[in-house]
Amino acid sequence: MALLSVDTLNGEKAGSRSAVEFDQLTACYPARPLSLPGTDARISAIAGRFALCYGQRLLLRYDGDDARTDLLLHLAGSLHEGNPEASVSLLLVNVRPEDAALCSQAVDVPVYAASLDQSPDFSLRQADLLLEQSLRSVEAGKDVILLVDSLTDLGGLYPIAAQQPGQPSPGFPCPGSLQKAKRLFGAARATEQAGTLTILAAVKEKGLEVFQPMCNCYLHLTGEGGLAEDSFLRTAP
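Summary of the structure given here.

How each quantity is defined
Residue positions are given per chain, counting from 1 as you read along its sequence in written order. Two thresholds apply to this predicted model, a pLDDT of at least 70 for residue-level local features and 80 or more for giving and counting side-chain atom pairs, whereas whole-chain, interface and lining totals are computed over all residues. Side-chain figures throughout are based on the complete set of non-hydrogen atoms in the structure, without hydrogens or water. Note on terminology: a nonpolar core comprises buried Ala, Val, Leu, Ile, Met, Phe, Trp, Tyr and Cys residues joined through side-chain atoms within 4.5 Å. Partly exposed residues are those whose accessible area sits between 20% and 50% of the maximum for their type, while under 20% is buried and over 50% is exposed, using a 1.4 Å probe and protein chains only. Secondary structure is summarised from DSSP: a helix means a run of H or I of at least four residues, a strand means a run of E of at least two, and numbering begins at the N terminus for each. Contact criterion: two residues are considered in contact whenever any of their non-hydrogen atoms come within 4.5 Å of each other. Planes of paired rings set the category: under 30 degrees apart is stacked, over 60 is edge-to-face and the rest tilted, where pairs are Phe, Tyr or Trp rings (Trp by its six-membered ring) whose centres lie within 6.5 Å. To count as a disulfide, a pair of cysteine sulfur atoms needs to be within 2.5 Å. Here, a salt bridge means any side-chain nitrogen of Lys or Arg that lies within 4 Å of a carboxyl oxygen of Asp or Glu. Here the term cavity refers to a set of points on a 1 Å grid, laid over the protein atoms alone, in which a 1.4 Å probe fits but cannot get out; the term pocket refers to an open set having protein on both sides within 12 Å along at least five of seven lines, with lining residues being those that place an atom within 4 Å of a point. Grid points are joined across faces, edges and corners, and a volume is the space filled by probe spheres set on the points. Only Asp, Glu, Lys and Arg are considered charged in this grouping, and only Ala, Val, Leu, Ile, Met, Phe, Trp, Tyr, Cys and Pro are considered nonpolar; every other residue, Gly among them, is considered polar.

A few words on the nonpolar core. Side chains of nonpolar character tend, in soluble globular proteins, to be buried together. Among the nonpolar cores identified, the biggest contains 34 residues, and L75, L147 and L219 are the most heavily contacted of them. Those elements that place two or more of their residues in this core are α1 (41–49), β4 (57–62), α2 (65–82), β5 (87–95), α3 (97–106), β7 (143–149), β9 (196–202) and β10 (217–221). Top contributing element to this core by residue count: α2, with six residues. If near-sequence neighbours (up to four positions away) are discounted, L75 is found in contact with L36, I43, I46, L60, L147 and L200.

Another aspect to go through is the packing of aromatic side chains. Counted under the stated rule, the structure contains two aromatic pairs. Ring centres 6.5 Å apart and planes at 85 degrees place the aromatic pair F185 and F211 in the edge-to-face group. Here the residue F185 occupies a position in helix α6 (residues 179–186), and F211 occupies one in helix α7 (residues 208–211), the gap between them amounting to 26 residues. With respect to class, F185 is no different from F211; both count as buried. Taking the centre distance of 5.7 Å and the plane angle of 40 degrees together, the rings of Y218 and F232 count as tilted.

Right, let's talk about the environment of A202 for a bit. Here A202 shows up in strand β9. On the basis of relative accessible area, A202 is assigned to the buried category, the value being 0%. Apart from residues lying up to four places away in sequence, A202 is in contact with L60, R68, L72, V148, D149, S150, L151 and T152.

Summed over the entire model, instances satisfying the criterion amount to zero disulfides. Free cysteine C215: the closest other cysteine sulfur is in C217, separated by 7.1 Å.

Overall, the coordinates contain ten salt bridges when judged by the stated rule. Between D153 and K204 there is a salt bridge; the shortest N-O distance is 3.0 Å. One end of the pair, D153, is in helix α5 (residues 151–161); the other, K204, is in the loop between β9 and α7, and 51 residues separate them in sequence. A residue is classified by how much of its surface remains accessible, and D153, at 15% relative accessible area, is buried.

Empty space within the second largest pocket amounts to approximately 180 Å³. Along the walls of the second largest pocket sit E85, S87, S89, P110, Y112, L130, Q133, S134, S137, K142, D143 and V144, which together make up its complete lining. Of all the secondary structure elements, the ones that give two or more residues to the lining of the second largest pocket are β5, α4 (120–139) and β7. The biggest single contributor to the lining of the second largest pocket is α4, with four residues. Taken together, the residues that form the lining of the second largest pocket break down as four nonpolar, five polar and three charged.

Here S78 shows up in helix α2. Taking the relative accessible area as the measure of exposure, S78 reaches 4% and is therefore buried.

All right, on to unusual backbone geometry then. Cis rather than trans, the peptide bond between D149 and S150 has omega equal to 0 degrees. Here S150 is to be found in the loop between β7 and α5. A positive phi angle is found at N94, which is not glycine, with a value near 60 degrees.

A word on empty space enclosed by the protein. By the definition in use, this model includes one cavity of 30 Å³ or more. Of the voids in this model, the largest cavity is the one considered here, and its volume is about 40 Å³. Surrounding the largest cavity, A127, D128, L131, L154, K180, R183 and L184 form its lining. Elements with a minimum of two residues in the lining of the largest cavity: α4 and α6.

In structure tokens:
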């Protein structure tokens, strides 16, 4: 079948947009607050200490891998409930197929899951498509929130899909293995002319030193659900 015409593009009438490309938008410090409703003690601990905003580039470290995805699910539900005008999505990398199904059923937001039995190329392509879709929405003036589990797993897939030159980085086979994950995480920002892209991304300990300098908010949750002292939020000077 041949494509005869395009009526709508990203929810808008085709040809009606005159948006500035994402890379040409002026980034600014996040200032418009996000709402985090709910009774989950971990989310209450976050909201009680930091005022998270649209455009946040948030790095999440949780002491205990088993509870990390559960926390992201609760965060996705809270953000969807408290910020109905925003588009909320969850990206899961290298998860068990049964966990991917459970996550899709647990929250009322789109879940993009790449399970362990799928190829690295599929996972990377899915992350690329989700990012590009998000960037087009931001250009159109919309607010997008992505939750990612995890940057470490995403970065670890790249050298499996393609051989990369360079010297090894701590915890990763080569510098090129980080590029997909760094591009996705670095895209989060508030803009002066258009919408915002907020990213809340989990990271494992071996990827911490790579991604922590990129974030403007770092949340280190202890196994008991409280915030560790090294958590921080960078604000406008």
